[in-house]
Amino acid sequence: MAAQLPEADAQVPSLALAPAGAELERPRGGWLRQLDVLVPGTILVFLLFLFFVWPVIGPVGKPTGGNILNANIEPWSAGHIFGTDPVGNDIWSRILYGGRNSIEIAFSVQFVGLVLGGAVGAIAAYWGGAVDMVLMRVLDVLIAFPALVLALAIAESLGPSKSHTILALCFFSVPAFARVSRAATLRLRERPFMLAARLSGTGTGRILLRHITPNVLPQLVTFALLGMGIIIILEGALSFFGLGVPPPNPSWGNMIFEGQGILSAEPRLVLVPSAFLFITVLTFNLLGDALRSRWSSV
Amino acid sequence: MTGSPALRLIGKRLATAIPVLWGVTFLTFVVINRLPTDAAQQLLGVNATPQQIEELRQKLNLDEPLFSRYFSWLGDVLSGNLGRSFASDQTVTSILSERLPVTLELLAYALIVSLLFTVPVAVLAARRPNGVVDRITMTLSMLGLSMANYVLALILVYIFAVKLEWLPAIGYVNPSDGIWPFIKSLTLPAISIGFPLFCFYTRLLRADILEQMQGEDYVVTAAAKGAGPWRVLIRHALPNSLFGLLTVVAVNIGTLVGVTVIIESIFALPGIGGALLEAINNRDILVVQGIVLVLATVVVVANLVTDLLYAVLDPRIRYGRPAS
Amino acid sequence: MTDHTASVETEPQAGDRAPGAPLLELRDVRVAFRHGGRRLVAVDGLSYTVAPGRTLALIGESGSGKTVSSRAVLGLLPPTATVSGSIRFEGEELVGLSERQMRRHRGASIAMVFQDPTRSLNPTMRIGAQITEAIRVHQKLDGKAAKARAIELLKLVRLPAAEQRFVEYPHQLSGGMRQRVVIAIALAASPKLLIADEATTALDVTTQAQIMELLRDLQRKLGMAMVMISHDLGLAASFADEVVVMYAGRAVEQAPTRTLFANVRMPYTKALLEAIPRIERPPHQPLPVVPGRPPDLAALPAGCPFAPRCPSARDLCRESAPPFGEGEPGHRWACWYPCGSDGAAPA
């Protein structure tokens, strides 16, 4: 190599050609520019308020134990904005309590996935070698394993319940988080400060806790947000197979499943919970997407 | 030229694929056996006497220990025999050959249609990032991504089967009974699977094309030759981006199989999903094993094929993609 | 437009312009980028001319504006860039041309060779397709004629086994062979000007020399002018007719090669010169470098941009920027206290 000149400095603008009109860097700073986070964030807060606070403080009826005499009340009638279902339960109330169930399940599943999967992935990447090999093969088995068999097996042997739903869904989330965490830790391992920490004799536990966790966690949290929607959708899907939240306790999934049979006569039984499912999933996706683009542009 | 590294890669991937397949089938075997009732009880129903159940159990070899049954199954599989169903006495192979085509047809339909739309739409969107087409595409795909397959399926049924009566709501028509009715019977299920896929793939492909356009020098070379913007996009950036998409398609096949089961049940399609549900319900362990083995093999083979395509077609794997 | 059987030799120039008129003329070229809400001036008032068949070397560190200025010639800058001033090619103004008009020049009358042949070739396209594309963008040739021409080009750049390489992918070639392919692509339409952007930097030393020799031979044979971008003053000394040294987006010294090396005026050029590795140096010694860091374009000092790193900087240098003037006939520099003189500022 010829004369060694100092290498390219960061402020040299990229010379890459982009199609005309491209301004892909997300502008930062200024609240207007944070709208991509603020809008879904606000909607999410509002939804959480509806599902968790409003049933406690507001005029919301019980989601179960409806009177059959009140069955199939039309929407927009007094006391029942979305009407009632064929057994006389208020749909609005079932939507709110169902939403609470969905969020609780999805949150628990993602939390377990983040902690357990995050730890497994970080350990596999940090130790490498045989530990990594074995852990990754186990995860491969779990990923290739038809999740439906597992979910049905759990439903059949343990019976349907909210906690069993969470258990079944954790088999999705843990391997997924483990992969993300492993990849992120592997990238981190190559960085000079990690080497410095190891060379200076910092203990493994301390490195994992002090150096790896703070760097990997933001990525895992973003991944958790992006996965919330998927878990909410999957939870609903389990209702189609007799797992999921057991009726009469409401979940959007079992509401849709029950409404499916009388779709042509009473489409709102499917459409109302579907709409809430859609809005909630969209909110999480928008928020996760916005956070991810922040994260990758840093 | 590329033969030997590709062969070595096949060997390496097979070496990891076989333990995975073994693990999946063993796990299934254990899980099904852990269920509170077994096939003898499920098949004879609640009114059967303990003696009848015991007799059937012996006939089905259920009285033997779990490990010896698993290994005799494994031995049979290796010699090409997947066993017979407890419930119908049909061979597992014939159940598979009857049910698998429906599922594969549905998957192929969904994949082909979604990819056919993905490529032009992603290219149009990537031509002018943040332009009108791009914004519409990004918004629509975000909406589509947030839609559960089963919700989409029900809405499609409501609109196209119930209201408009254009397409059948349920059922499957064998292609030998007419190609057009066959396609019609699979159209709504295929859209239910394919539309969210299209949204997902389009976002991915668009992002990858933009990454190529912004980060890769060969794009500048092409522009410096005097090639027009469309040519640079389609002839240069797109083929490179398609490799990334290909991987995702292959990796996703596993998840798709799960989605197919729900869609098959909504549209009452006689695919592998229904067979699996029924077999689990009957504790028909050999049928479950056969299906699980096939599904896991599909996933493993899809990944293997992608790796190979990469090794043979994509030279970047040799010197690694420059991190930009 | 050349006909099917045309060899790569250039045709005689159209005689509507005065002999000796410059082929490429940059006058007060300025390139600014919008960068995260700020404006960065990457090239600030650059002027030079290149006569037909001659070689000009643009020398500087990364970020000195040498690459940006030459990309500006072909309009190959991201949309965040704005170019002002005047860039004339054969008398035609290139600044402000539409994308479509610009494309007539790209690869046709002006071609470019890039730094890293590994990255500048499309990994998923065969060598042959990449060359024929360059040919067919500008010439109406059928597939067969284009292939013949491509193989002719591959032979011209002395790529062994040209017919076989034609159907291979870039990864099957060595770095030097890839750069020959990149050069063949550049020569596809017999350009009058070749811009070689650090064409040999990514190659090993032996290959570097071979590629430079090849470029020089081709230049003589085809009568092309060349703008050679490099951070290596030594390379410029042996290949260029004229040298422009750039620092922080500005020309800081400019002269015919002989004049420049006989009489270096700008301390920065001197530092670059001293940084050239020499064969006489003992092996395994750290190579000398220009001290200090390259300038931050977003925070340039008030005075001479080189002052913070300059060994002979005085108060005046930190207060006001020296003009870029013709201190001696044909030799321009921007320095208040040039080397080898008694401190007289250029007129």
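Residues numbered from 1 in each chain as written. Chains lettered and ligands numbered in written order. Predicted model: local features only at pLDDT ≥ 70, side-chain atom pairs only at ≥ 80, totals over all residues.

Draft legend 1. Spatial organisation of the overall build of chain A. When its secondary structure is counted, chain A shows nine helices and zero strands. Taken from the N to the C terminus, the helices and strands of chain A come in the order α-α-α-α-α-α-α-α-α. Taking all 298 residues of chain A together, 44% fall into the buried category. Long-range pairs, those at least 24 residues apart, make up 70% of the contacts in chain A with a sequence separation of at least 6. (Helix = DSSP H or I, 4+ residues; strand = E, 2+ residues; numbered from the N terminus. Buried ≥ 20, exposed ≤ 12 C-beta atoms within 10 Å, placed from the backbone. Contact = placed C-beta atoms within 7 Å.)

Draft legend 2. Geometry of the nonpolar core. One finds Ile 209 and Val 288 of chain B together with Ile 59, Ala 184, Leu 193 and Val 252 of chain C to be the most contacted residues of the largest nonpolar core, which totals 264 residues. Sort the elements by how many residues they give to this core and helix H2 (residues 91-127) of chain A lands first, with 15 residues. If we ignore the near neighbours within four places in the chain, the residues touching Ile 59 of chain C are Ser 230, His 231, Leu 233, Ala 236, Val 243, Val 244, Val 245, Met 246 and Leu 272 of chain C. (Core = buried A, V, L, I, M, F, W, Y, C linked by C-beta atoms within 7 Å.)

Draft legend 3. Seen up close, the sheet that holds strand E2 (residues 38-50) of chain C. All names here are of chain C. A sheet is described by the order of its strands in space; here four strands give the open sequence E2-E1-E4-E5, paired in antiparallel fashion. Each end of this open sheet is capped by a strand with a single partner; those strands are E2 and strand E5 (92-93). As judged from the two bridges shared by strand E4 (residues 81-89) and E5, these two strands associate in the antiparallel manner. Its bridge partner lying in E5, Arg 88 is registered against Glu 93. Most of the contacts of helix H1 (residues 66-74) go to strand E1 (residues 24-35), to which it runs at about 105°, and overall it touches E1, E2 and E4. (Pairing = 2+ DSSP bridges. Axes fitted to C-alpha atoms, helices over the stretch in contact; angles between N-to-C directions.)

Draft legend 4. Looking closely at the sheet that holds strand E9 (residues 242-247) of chain C. Residue and element names in this part refer to chain C. Read across the open sheet, the eight strands follow the order E6-E7-E8-E3-E9-E10-E12-E11; overall the sheet is mixed. The sheet terminates laterally at strand E6 (110-113) and strand E11 (325-328), the two strands that pair on one side only. Looking at each pair of strands side by side, their axes are set apart by 20° on average, direction ignored. Looking at chain direction, E11 and strand E12 (residues 331-333) are connected through three bridges and run antiparallel. Along E12, the bridge assignment pairs Glu 328 with His 331.

Draft legend 5. Quick look at the interface of chain B and chain A. Listed as interface residues are 51 residues of chain B and, on the opposing side, 42 residues of chain A. If you list the elements that add at least two residues to the side of chain B that touches chain A, you get helix H1 (3-34), helix H6 (132-145), helix H7 (149-163), helix H8 (179-215), helix H9 (217-224), helix H10 (229-266), helix H11 (272-282) and helix H12 (285-313) of chain B. Grouping the amino acids of the side of chain B that touches chain A by side-chain chemistry returns 37 nonpolar, eleven polar and three charged. (Nonpolar A, V, L, I, M, F, W, Y, C, P; charged D, E, K, R; others polar.)

Draft legend 6. Local environment of the packing of helix H5 (residues 92-127) of chain B against H11 of chain B. Residue and element names in this part refer to chain B. Running from N to C, H5 and H11 point in directions that differ by 130°, and their axes come no closer than 7 Å. Here H5 is positioned oblique relative to H11, judged by the angle of their axes. Packed against H5, whose contacting residues are Ile 95, Arg 99, Leu 100 and Thr 103, the element H11 presents Ile 272, Gly 273 and Ala 275 at the interface. Class assignment for the residues of the contact of H5 with H11 results in four nonpolar, two polar and one charged. (Parallel < 35°, antiparallel > 145°, perpendicular 65-115°, else oblique.)

Draft legend 7. Main features of H8 of chain B. With 37 residues, H8 of chain B extends just 46 Å between its outermost C-alpha atoms, more than 12% less than the 54 Å of an ideal straight helix rising 1.5 Å per residue. At Thr 187 of chain B, H8 of chain B shows its largest kink, close to 40°, and the proline Pro 189 of chain B lies no more than four residues downstream. (Expected span 1.5 Å × (residues − 1). Bend = angle between axes of the 7 residues up to and from the residue.)

Draft legend 8. Layout of unusual backbone geometry. Residues and elements named next belong to chain B. Phi is positive for Ala 268, close to 50°, though the residue is something other than glycine. Within the fold, Ala 268 resides in the loop between H10 and H11. Overall, Ala 268 belongs to the partly exposed group, with 14 C-beta atoms counted inside 10 Å.

Draft legend 9. Representation of the interface of chain B and chain C in the model. Contact with chain B, which involves 21 residues of that partner, is made by 26 residues of chain C. Breaking the side of chain B that touches chain C down by element, the ones donating at least two residues are H9, H10 and helix H13 (316-319) of chain B. Ranked by the residues each element gives to the side of chain B that touches chain C, the list is headed by H9 of chain B, at six residues.

Draft legend 10. Fine view of the environment of Ala 162 of chain C. Along the polypeptide, Ala 162 of chain C turns up in helix H6 (residues 162-166). A C-alpha to C-alpha distance of 9.5 Å links Ala 162 of chain C and Gly 128 of chain C, two positions 34 residues apart in sequence.

Draft legend 11. The arrangement of the pairing of E1 of chain C in detail. Sheet analysis places E1 of chain C next to E2 of chain C, joined by ten bridges and oriented antiparallel. Within E2 of chain C, the position partnered with Arg 34 of chain C by the bridge is Arg 39 of chain C.

Draft legend 12. Region of the structure containing the packing of helix H5 (residues 162-189) of chain A against helix H7 (residues 204-239) of chain A. All names here are of chain A. Across the interface, H5 lies against H7 with an axial gap of 9 Å and an inter-helix angle of 150°. As far as their axial angle goes, H7 and H5 are roughly antiparallel. Crossing of H5 over H7 shows right-handed handedness. Residues Thr 165, Ala 168, Leu 169, Phe 172, Ser 173, Ala 176, Phe 177, Val 180, Ser 181, Ala 184, Thr 185 and Leu 188 of H5 touch H7, and the partners they reach there are Ile 212, Asn 215, Val 216, Gln 219, Leu 220, Phe 223, Gly 227, Ile 231, Leu 234, Glu 235 and Leu 238. (Left-handed = near helix turned anticlockwise from the far one by under 90°.)

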